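Spelled out from the first residue to the last, the chains are:
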2 protein chains.
Amino acid sequence: MSQTKATLHDALREAITHNDIDTVQALLAEMQPADVAGFVRNEDSDTTLRLINELPMEERAQTIAHLDFSDQLHVARSLDDNNLVRLFMHMNADERVDLFKVLDQTRQETLLRRLAHNEREDLRRLSSYAEGTAGAIMTSEYAVIPVDCTVEQALAHLRATAPDAETIYQVYLLDARHRIAGTVSLRELILARATAPIRELMRTDVVSVDTETSQEEVARLIAHYDLLALPITDTEGRMVGIVTYDDAMDVAEAEATEDFHKGATVGRLGAGLRQASVLTLYRKRAGWLVLLVFAHLFSGAGIALYEETIATYITLVFFLPLLVGSSGNAGSQASTLMVRGIATGDVHLRDWGYMLGREVLVATALGVTMALVVATLAWYRDGWQIALVVSVSMVAVVFVGSVIGMSLPFLLNRLNLDPATASAPLVTSIADAAGVMVYFSLATAILGLPVVP
Amino acid sequence: MSQTKATLHDALREAITHNDIDTVQALLAEMQPADVAGFVRNEDSDTTLRLINELPMEERAQTIAHLDFSDQLHVARSLDDNNLVRLFMHMNADERVDLFKVLDQTRQETLLRRLAHNEREDLRRLSSYAEGTAGAIMTSEYAVIPVDCTVEQALAHLRATAPDAETIYQVYLLDARHRIAGTVSLRELILARATAPIRELMRTDVVSVDTETSQEEVARLIAHYDLLALPITDTEGRMVGIVTYDDAMDVAEAEATEDFHKGATVGRLGAGLRQASVLTLYRKRAGWLVLLVFAHLFSGAGIALYEETIATYITLVFFLPLLVGSSGNAGSQASTLMVRGIATGDVHLRDWGYMLGREVLVATALGVTMALVVATLAWYRDGWQIALVVSVSMVAVVFVGSVIGMSLPFLLNRLNLDPATASAPLVTSIADAAGVMVYFSLATAILGLPVVP
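Residues numbered from 1 in each chain as written. Chains lettered and ligands numbered in written order. Predicted model: local features only at pLDDT ≥ 70, side-chain atom pairs only at ≥ 80, totals over all residues. Heavy atoms only, no water.

Caption draft 1: Structural view of the overall build of chain A. Each helix and strand counted, chain A has 21 helices and six strands in total. Seen through its principal axes, chain A has C-alpha atoms that stretch 90 × 60 × 45 Å. In chain A, which comprises 453 residues, the proportion classed as buried is 54%. Look at the contacts in chain A between residues 6 or more apart in sequence, and 65% of them connect residues 24 or more apart. (Helix = DSSP H or I, 4+ residues; strand = E, 2+ residues; numbered from the N terminus. Buried < 20%, exposed > 50% of the residue type's maximum accessible area, 1.4 Å probe, protein only. Contact = heavy atoms within 4.5 Å.)

Caption draft 2: Molecular detail of the packing of aromatic side chains. Following the criterion strictly, the structure yields nine aromatic pairs over all chains and no others. With centroids separated by 4.2 Å and ring planes inclined at 40°, the aromatic side chains of Tyr245 of chain A and Tyr245 of chain B adopt a geometry described as tilted. Of this pair, Tyr245 of chain A sits in helix H16 (residues 245–262) while Tyr245 of chain B is found in helix H16 (residues 245–262), placing the two residues in two different chains. For Tyr245 of chain B, a relative accessible area of 7% gives the class buried. Ring centres of Phe318 of chain A and Phe319 of chain A lie 4.9 Å apart, and the angle between their planes is 85°; on these two criteria the pair is classed as edge-to-face. With a relative accessible area of 0%, Phe319 of chain A lands in the buried category. Taken together, the ring pairs connect Tyr306, Tyr439 and Phe440 of chain A into an aromatic cluster. The ring of Phe318 of chain A is capped by Arg381 of chain A, whose NZ or CZ atom sits 3.7 Å from the centre of that ring. (Phe/Tyr/Trp six-rings, centres within 6.5 Å; stacked < 30°, edge-to-face > 60°. Lys NZ or Arg CZ within 6 Å of the ring centre and 35° of its normal.)

Caption draft 3: Focus on the interface of chain B and chain A. Listed per partner, the contact involves 113 residues of chain B and 113 residues of chain A. Together, Phe260, Arg274 and Arg285 of chain B form the three largest contributors to the area buried by chain B at its contact with chain A, with a combined 8%. Connecting chain B to chain A are four salt bridges. For Arg285 of chain B, the salt bridge is made with Glu359 of chain A, and the minimal N-O distance between the two is 2.9 Å. Within the side of chain B that touches chain A, the residues separate by chemical class into 65 nonpolar, 26 polar and 22 charged. (Buried area = accessible area lost by both parts, 1.4 Å probe. Salt bridge = Lys/Arg side-chain N within 4 Å of Asp/Glu carboxyl O. Nonpolar A, V, L, I, M, F, W, Y, C, P; charged D, E, K, R; others polar.)

Caption draft 4: Local environment of the nonpolar core. Counting 169 residues, the largest nonpolar core has Leu186 of chain A together with Leu186 of chain B as the members making the most contacts within it. Once you skip the residues sitting within four places of it in the chain, Leu186 of chain B turns out to touch Tyr169, Leu186 and Ile190 of chain A together with Leu155, Leu158, Ile168 and Tyr169 of chain B. By size, the runner-up hydrophobic cluster in this structure holds 96 residues, among which are Val362 and Val438 of chain A together with Ala371 and Val436 of chain B. (Core = buried A, V, L, I, M, F, W, Y, C linked by side-chain atoms within 4.5 Å.)

Caption draft 5: Representation of unusual backbone geometry. Of note, the phi angle at Asn416 of chain A is positive, near 60°, even though the residue is not glycine. Mapped onto the fold, Asn416 of chain A is located in the loop between helix H20 (352–414) and helix H21 (424–446). On the basis of relative accessible area, Asn416 of chain A is assigned to the exposed category, the value being 73%. Phi at Thr265 of chain B takes a positive value of approximately 55°, unusual for a residue other than glycine. Mapped onto the elements, Thr265 of chain B comes out in the loop between H16 and helix H17 (278–305). Note on Thr265 of chain B: relative accessible area 2%, which makes it buried.

Caption draft 6: Quick look at the relation of the copies chain B and chain A. Superposing chain B onto chain A requires a rotation of 180° together with a translation of 0.0 Å along the rotation axis, leaving an RMSD of 0.1 Å. Such a combination of turn and shift is consistent with a two-fold rotation axis. (Least-squares fit on C-alpha atoms with pLDDT ≥ 70 in both.)

Caption draft 7: Structural detail: the sheet that holds strand E4 (residues 209–210) of chain B. Residue and element names in this part refer to chain B. Strand order in this open sheet of three strands is E4-E5-E6, and the pairing throughout is mixed. Only two strands of the sheet have a single neighbouring strand rather than two, namely E4 and strand E6 (239–244). Bridge count for strand E5 (residues 229–233) against E6 is five bridges, and the pairing is antiparallel. Looking at the pairing, Ala229 lines up with Thr244 of E6. (Pairing = 2+ DSSP bridges.)

Caption draft 8: The sheet that holds strand E3 (residues 180–185) of chain B, seen in detail. All names here are of chain B. Taken in spatial order, the three strands of this open sheet run E1-E2-E3, and their pairing is mixed. Where the open sheet ends on each side, the last strands, each with one partner, are strand E1 (142–144) and E3. Pairwise comparison of adjacent strand axes, ignoring direction, gives a mean angle of 40° for this sheet. Here strand E2 (residues 167–174) pairs with E3 via five bridges, running antiparallel. The residue of E3 that forms the bridge with Tyr172 is Thr183. (Axes fitted to C-alpha atoms, helices over the stretch in contact; angles between N-to-C directions.)

Caption draft 9: Seen up close, the pattern of salt bridges. Residues and elements named next belong to chain A. Evaluated as defined, the whole model comprises 36 salt bridges over all chains. The residue Arg13 makes a salt bridge to Asp10 at a minimum N-O spacing of 3.7 Å. In this pair, Arg13 and Asp10 are both assigned in helix H1 (residues 2–17), three residues apart and thus about one turn of the helix distant. When its relative accessible area of 48% is taken as the criterion, Asp10 is described as partly exposed.

Caption draft 10: Highlighting the packing of helix H19 (residues 316–343) of chain A against H17 of chain B. Their axes nearest at 8 Å, the elements H19 of chain A and H17 of chain B cross at an angle of 150°. By the criterion of interaxial angle, the relationship of H19 of chain A to H17 of chain B is roughly antiparallel. Taken as a pair, H19 of chain A and H17 of chain B cross one another with a handedness that is right-handed. Two secondary-structure elements touch here, H19 of chain A through Val317, Phe318, Pro321, Leu322, Gly325, Ser326, Asn329, Ala330, Gln333, Ala334 and Leu337 of chain A and H17 of chain B through Leu281, Arg285, Leu289, Leu292, Val293, His296, Leu297, Ser299, Gly300, Ala301, Ile303 and Ala304 of chain B. Each residue belonging to the contact of H19 of chain A with H17 of chain B can be placed in one class, and the counts come to 15 nonpolar, seven polar and one charged. (Parallel < 35°, antiparallel > 145°, perpendicular 65-115°, else oblique. Left-handed = near helix turned anticlockwise from the far one by under 90°.)

Caption draft 11: Layout of the side chain of Ser391 of chain A. Residues and elements named next belong to chain A. Position of Ser391 relative to the elements: it lies in helix H20. Residue Ser391 is classed as buried on the basis of its relative accessible area, which comes to 14%. Every residue in contact with Ser391, bar those within four places of it in the chain, is listed here: Ala371, Val374 and Ala375.

Caption draft 12: Region of interest: the packing of helix H8 (residues 93–102) of chain B against helix H10 (residues 117–126) of chain B. Residues and elements named next belong to chain B. Orientation of H8 relative to H10, taken along the N-to-C sense of each, is 70°, at an axis distance of 10 Å. What the angle tells us is that H8 and H10 run roughly perpendicular. As H8 packs across H10, the resulting crossing turns out to be right-handed. Residues Ala93, Arg96, Val97 and Phe100 of H8 touch H10, and the partners they reach there are Glu119, Asp122, Leu123 and Leu126. Here the contact of H8 with H10 is built from residues that sort into five nonpolar, no polar and three charged.

Caption draft 13: Molecular detail of a nonpolar patch on the surface. Residues and elements named next belong to chain A. Together, Trp379, Trp384, Leu388 and Val392 line one region of the surface with nonpolar side chains, adding up to about 450 Å² of accessible area. Take Trp384: it is sitting in helix H20. With a relative accessible area of 54%, Trp384 lands in the exposed category. (Patch = residues over 30% accessible without salt bridge, like charges linked within 9 Å, V, L, I, M, F, W, Y side chains within 5 Å. Areas by Shrake-Rupley, 256 points an atom, 1.4 Å probe, with all protein chains shown as cover.)

Caption draft 14: Looking closely at the side chain of Gln170 of chain B. Inspection of the secondary structure puts Gln170 of chain B in strand E2. Engagement of the side chain of Gln170 of chain B in a polar contact is seen with the side chain of Thr183 of chain B, the distance being 2.9 Å. (Polar contact = N/O pair within 3.5 Å; in protein donor to acceptor, adjacent residues only side chain to side chain.)

Caption draft 15: The pairing of strand E6 (residues 239–244) of chain A, seen in detail. The buried fraction of E6 of chain A is high, at six of six residues. Hairpin geometry of strand E5 (residues 229–233) of chain A and E6 of chain A is characterised by an intervening segment of five residues between the two adjacent antiparallel strands and by a positive phi of about 90° at Gly237 of chain A.

Caption draft 16: Molecular detail of the environment of Leu426 of chain A. Residues and elements named next belong to chain A. Within the secondary structure layout, Leu426 lies in helix H21. The buried category is assigned to Leu426, whose relative accessible area is 14%. C-alpha of Leu426 to C-alpha of Leu289: the two residues are 137 residues apart in sequence and 9.4 Å apart in space. Contact partners of Leu426, with chain neighbours within four places excluded, come to Trp288, Leu292, Leu408 and Thr421.

Structural data, given as structure tokens:
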């Protein structure tokens, strides 16, 4: 399939180069919106504009929703007011509001003036929710059926309203105060007898969250309950929207990417890696790199404290990267396991004691294994005294690194901070400093040297 | 909501303690299968068994599908053959086969003997696919309608067969050789006029993959095309199953977890972190920790090479953790960005040149920033000569670390290895070694010292 896709892309690129509009249109007609968006992502902005504007309005609206915001904005800028209004009318409510939010203010005002009353109010309301909340990713286009009807009437009602709903596979029933009274799936409707009252079919234990809930929690609930859509209420409990599973998948991917980046002390990029500017990348990486300088200074200070020991046994420096490196690596392993475990809901705050107990066992076993490896090496290179220092140090630093790495995410979580802040570089830097102190103090003690104050 | 959930859990726990079966059953009836599974995950295995066996068979089958395999196996072992067969009849085809595969061989044979012909053949076929492939996660329970019928006939057909299908929202039409001729959504069926021939409604550009395709690719396609289900064919193109979006979400989460762990040199756990045994954790962590000892030996060897320099300027050791640490941290940032970019399809192999060009700019800017920070410090502490050595080294090591970190995932990808192998600890260890060499050779050159061979 990827072979035929590559061939299609080549054919399309050639048709564009030769300005062969008929072939371009024929090829575009064969492609799905997600694929057209995937193709133009690798093209320059002129080609993007030309291709997008070749599409019929319906496909154009769907394709644009798959583009990055910078490309979406670029397309929106190329359209006159009339065409922008038409595009907005064809887009889904949740995708429309995302585009609306990146437009400049005068364009926003023009749009609001020109849109029909319902669309205008919808856009105003949806654009009012903070980024990262359920409100900001929900759509207002959900299917509702009256509480007091039969299956047959419900199906007829759905047929009449379906074209405006993002999904009709999960249908909601609201009471007089617009609260969720129940839900029924289209599957249940199709299987039930035509004259059955909806009240008998509907499930009343409906999982819902309010607009302020984090998008991460929304995605987690959809995955947990295998939902097609999660209903969203306002803070007074009135239904205002749904988030569908496909948006939950996008959120889950974006949140995982953010956690990956955080785990390497890279800030939130906001766009894809290819689209992020050099300046953005610099800014999102520089912060923690500079901060960690101060963590490394502790290591330096530890070394300065033991300069006498080092000067006497210069060979100790040979093992320094190995010991602090192993401490940092074991710490990264432990912190990553915990950060991901907490993120997926596999591990909870109350599990700290249990996890610590196991970590103590695992870290000791790892430390002893590593000690055996380095003891052999050190004995061969520098004799039994250094071998003793290095191997005892190894057990200690791997243990200390692991326990720090394992505990830091819990501590951050306890303080209501993001556990993912316990990044590999942060844990490594702390474990390094601890490793230096442990190594040289053990060396000083075992080799019988005085500590210089 | 989580408040009420906690209250429910407390009430349930109390009812269990007091052996109050009526209350237990009443509370269980209020809970969704995913929540019952979530509850028993934190209970001991006796309580798990008691609760699961309190559930009616239908709910029991659904709840078990949400449990870890160790718990599933535990439940299966507690059932006699009759009840196990009944449980299997109630489970979904894809979940049933997962449980089947972890049973011991005699139990498997008993089951196969007792199941009806269709279930037996289904189980045999589904259990034959390799772990991690589309075949291993698909279900054989998909909805098919005849090609030559009207909308009305199709709906009647669906009503008759729906109870056996995992989803009826996407329906497939097969030709005489069992190849996919087209697909139609239930939404389209509901909206079309009753007498319309299906041929006019169906879409023929159906995205499908074969059973050998990786589960990662399946999840990627479902997210990319916003599919409810992806049809799976055998290697001859005959349709044999579907993978639904909810399974794709689970796969995406599991794959992200695996990449997180790989990024910290932890091998595939196979189970959740809480469920993994101490021995498994030790095994999955020890491998790379020991391997990386050899990477650290290069750093040690670099230091040994410059012992003369170090002995003359012992203060250089003070800045060692800072320089090699910064090199490693910048390298982790660069590699993590690339590994995740490649995993999400945001960055491709052909982008290497473009990404390298940007990395050179970002790394230089980062290096200069860091150099300014440490130069101030070194000047104040040790005078301008050391400040010069340390700041020039900082620019060099951050640059080298970043370029190594950025290039390694591409190189691994080029060699058809998993880019995620370019873990933070591996990149840090390589960058450390490079940093030591760069630092001390620059120091030797700038301070005008001889290199001892």
